[in-house]
Amino acid sequence: MARSRGVWTGAGLLGILGCLAAIGAALAGTGGLESSADVAQLVSVLLAVPALAASLMLWWRQAAGPAVITPAALTAATDVLAGLVGQQWRTEATIRSLDDPDPIPVRWRPARDTRLADHPVNLSPTTVPTAVSSADVAGLAAAFRAMRRRRLVLLGGPGSGKTTLAVQLLRELLATRRDHPDEPVPVLLSVAGWDTGTCPRLQDWLAARLAQDYPALRATVLGPDAPAVLAARGLILPVLDGLDELPPVSRAAVVIALNRSLGDTDQVVVTSRTVDYRHAVNAAGDVLTSAVVLEPEPLDPAAGAGYLRRCLPPVPGRAWERILAGLHHGALAEVTATALGLWLLRSVYLSPVADPAELLDQGRFPDGTALRTHLFDRLIPALVEARPPSADPADPFRPRRRHDPARMRDRLGFLARHLCDPRGEDGGPRTRDLLWWDLARTTRAFSPAVRAALAAVVAVTIAAVSTVANVMSEGMPRGLTHGFGYGLAFGLVSGGIVAAGARSWPRQPPGFADLWRHGRRSVPRSRLRVLFRRGAVIGLGAALLSGTVIGMVDGARAGTAAGPVTGLAIGIAYVVTAWFTAWAESPTRDGHADTPQAVWRADRNLNLLRAGVTGLTSGLAGGLASGLSAAAVDTVAFGVSVGVTYALTFGITTGLTAGRHHAWMAYLIATGRLARAGVLPRRLMGFLDDAHRLGLLRAVGPVYQFRHAEFQDHLAAGGSARAR
């Protein structure tokens, strides 16, 4: 009974508006009540039928209940997530050359500092790996599965390969998951985004991140609760990357929160720099319970030389023979002792145009720091040269356009400094995640002055169009007076509403919907009931406002006629447009992975089509109702001019404020300002996509990150003086 109360309330309010509309039409008729009774009845029936039909349909659909959590539903949701994660990392592994020709052979062993690991009795003594290699990830996965509690901490210095090993383990667990269908799905997440003050439990934070990064989960049988259900039931293996990215106090808080959140069978993998993890456990007063802690051994020069030789042509040349022999000492030995250094050497100098002989210049590179800085400086030009642009859609590993290396370095440097800023506009923490929808907030490019300018543009547009329409239909000077007066009044109101709504745009996440995909879920009935009630209230408000304004200007007769008709039309238009907006914003079930580009395009399509459909529907409804009412008490020309003003006002206001996702609109304004300032390109997403294709950025779900944290720090510091 309570569930249908809102439906009948809305239907009753719209019915009242229908009656008022009929009375207004009758009073407005030139022949009195008798001569316009038939017209009034016809108008009331035509306007009331959609409301009654909608109420009956909503009442009939109340019988269905919420989705039931069954084993089959859980299996289907985990399979969808496993497919999304697997697709995401297959593409990313190819772009990052993780398997070309094979992973860098880093060997890992238990941490020598016993204070970093739990008591041996709390571990799995018979299954703790004594030594593993990134070249044998299958062995690591087998050892991980054999642990009594599958908890692993990967430590090491900068560029030692912690994240790469975590990704390799994730891919191996996914690839062999068919033989272990009951296992949780491994998902890589940047732990730097976890605020334990807001989400003290790991499961709560996991649910929020899954909803953001994998929106297709919400389109499964479990519905919007799918992320929370999977996280609460231990069906997610969180691979938490970059504990060291957090401030010191937050690192300790994460260790404490993990110990409080993990149950007996819950699994986790954590990566961190060794020094920062040591400080975290010391501050927390405890280690991660039952976790095996591994550290890398320095890369053996022979192993590094063997890896480089496999990447070189069969006959590498004299310079490379000298370099391979020189990996045993000097700056080369220091740099190639880490996976990052070996990758840098390969990326910069394994090119036909590069001269590897300069690497042997000890005066130029007296130590590993100087050589590593040089490699970072040369990375962007080397990758730009090695991967020329291609317009072939089937080639995802080459950029779409050619970039000037110096300009690309400056633009990436701005983004690196922006991400490294410890405090954003609202005190947000430092992060490695580059969220395209967050730029408007964190760069402060969506200031009150911008919102005021937006309101002014809306007001001037409506005033100008209204003036022109009235002058054309009524002539001078009546058209100028009516047009400018009406247009300015309605323009200021519309501009104020748009500006007020735009305040929340920078904080809104993108709408995860692609309108051209199949498998979209229907709008929840609870949401439909809310929309119907709001439509009734908005319709009554529009009737009172419109009737009062027109009555004050053109007399009570005109206000009585225009108010109810306009209110009913606006109320019905709101229900229709709000339903479309809710439907368009719902996720799909097709299981496509959401990349930064896909999410950006989906939100752009959503904003454009939603603005077009809702703006057109509301504009036509408001303009037609008000125009007919005005024509009934005045001339047809006056009705046309009033209709145009109302249509533009309602169309712009509704088109720009409807819905809950306006991230693309905020992004558009922010990137426009940043482009005018010369710090970012106007087509930022195309630029980021090319940087990803070049291997300078990596994609983790819908966010970008720099390929290596050390590379981001290098760019944020401005690079070397030689590069500048």
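What you see is a predicted model; the values in this text were computed from it and never measured.

So, how was this worked out
Residues numbered from 1 in each chain as written. Predicted model: local features only at pLDDT ≥ 70, side-chain atom pairs only at ≥ 80, totals over all residues. Heavy atoms only, no water. Phe/Tyr/Trp six-rings, centres within 6.5 Å; stacked < 30°, edge-to-face > 60°. Buried < 20%, exposed > 50% of the residue type's maximum accessible area, 1.4 Å probe, protein only. Lys NZ or Arg CZ within 6 Å of the ring centre and 35° of its normal. Helix = DSSP H or I, 4+ residues; strand = E, 2+ residues; numbered from the N terminus. Pairing = 2+ DSSP bridges. Axes fitted to C-alpha atoms, helices over the stretch in contact; angles between N-to-C directions. Parallel < 35°, antiparallel > 145°, perpendicular 65-115°, else oblique. Contact = heavy atoms within 4.5 Å. Nonpolar A, V, L, I, M, F, W, Y, C, P; charged D, E, K, R; others polar.

A.B. asks: How would you sum up the packing of aromatic side chains? Please name residues and give values.
C.D. replies: In this structure the tally under the stated criterion is six aromatic pairs. With 5.6 Å between their ring centres and 90° between their planes, Trp-436 and Trp-437 make a pair best called edge-to-face. With a relative accessible area of 3%, Trp-436 lands in the buried category. For Trp-437, a relative accessible area of 6% puts it in the buried group. An angle of 70° between the planes, with centres 6.2 Å apart, marks the rings of Phe-706 and Phe-711 as edge-to-face. Of the two residues examined, Phe-706 and Phe-711, each falls in the buried class. Each member of the aromatic cluster is reached from another via a ring pair, and the members are Trp-436, Trp-437, Trp-600 and Tyr-667. The ring of Phe-687 is capped by Arg-411, whose NZ or CZ atom sits 6.0 Å from the centre of that ring.

A.B. asks: Go over the pairing of strand β4 (residues 185–190) with me, naming the residues and quoting the values.
C.D. replies: In terms of burial, β4 is largely enclosed, as six of its six residues are buried. Burial along β4 is two-sided: the residues Val-185, Val-187 and Leu-189 and Pro-186, Leu-188 and Ser-190 are all buried. Note that β4 and strand β5 (residues 236–241) share six bridges and pair parallel. Bridge pairing in β5 links Leu-188 to Val-239.

A.B. asks: Any chance you could break down the packing of helix α15 (residues 405–420) against helix α25 (residues 709–716) for me, citing the residues and the numbers?
C.D. replies: Look at α15 against α25: their axes get within 7 Å of each other, and the N-to-C directions meet at 105°. It follows from the interaxial angle that α15 and α25 lie roughly perpendicular. Together, Arg-409, Leu-412, Gly-413, Ala-416, Arg-417, Leu-419 and Cys-420 of α15 and Gln-712, Asp-713, Leu-715 and Ala-716 of α25 make up the contact between the two elements. When grouped by side-chain class, the residues that make up the contact of α15 with α25 number six nonpolar, two polar and three charged.

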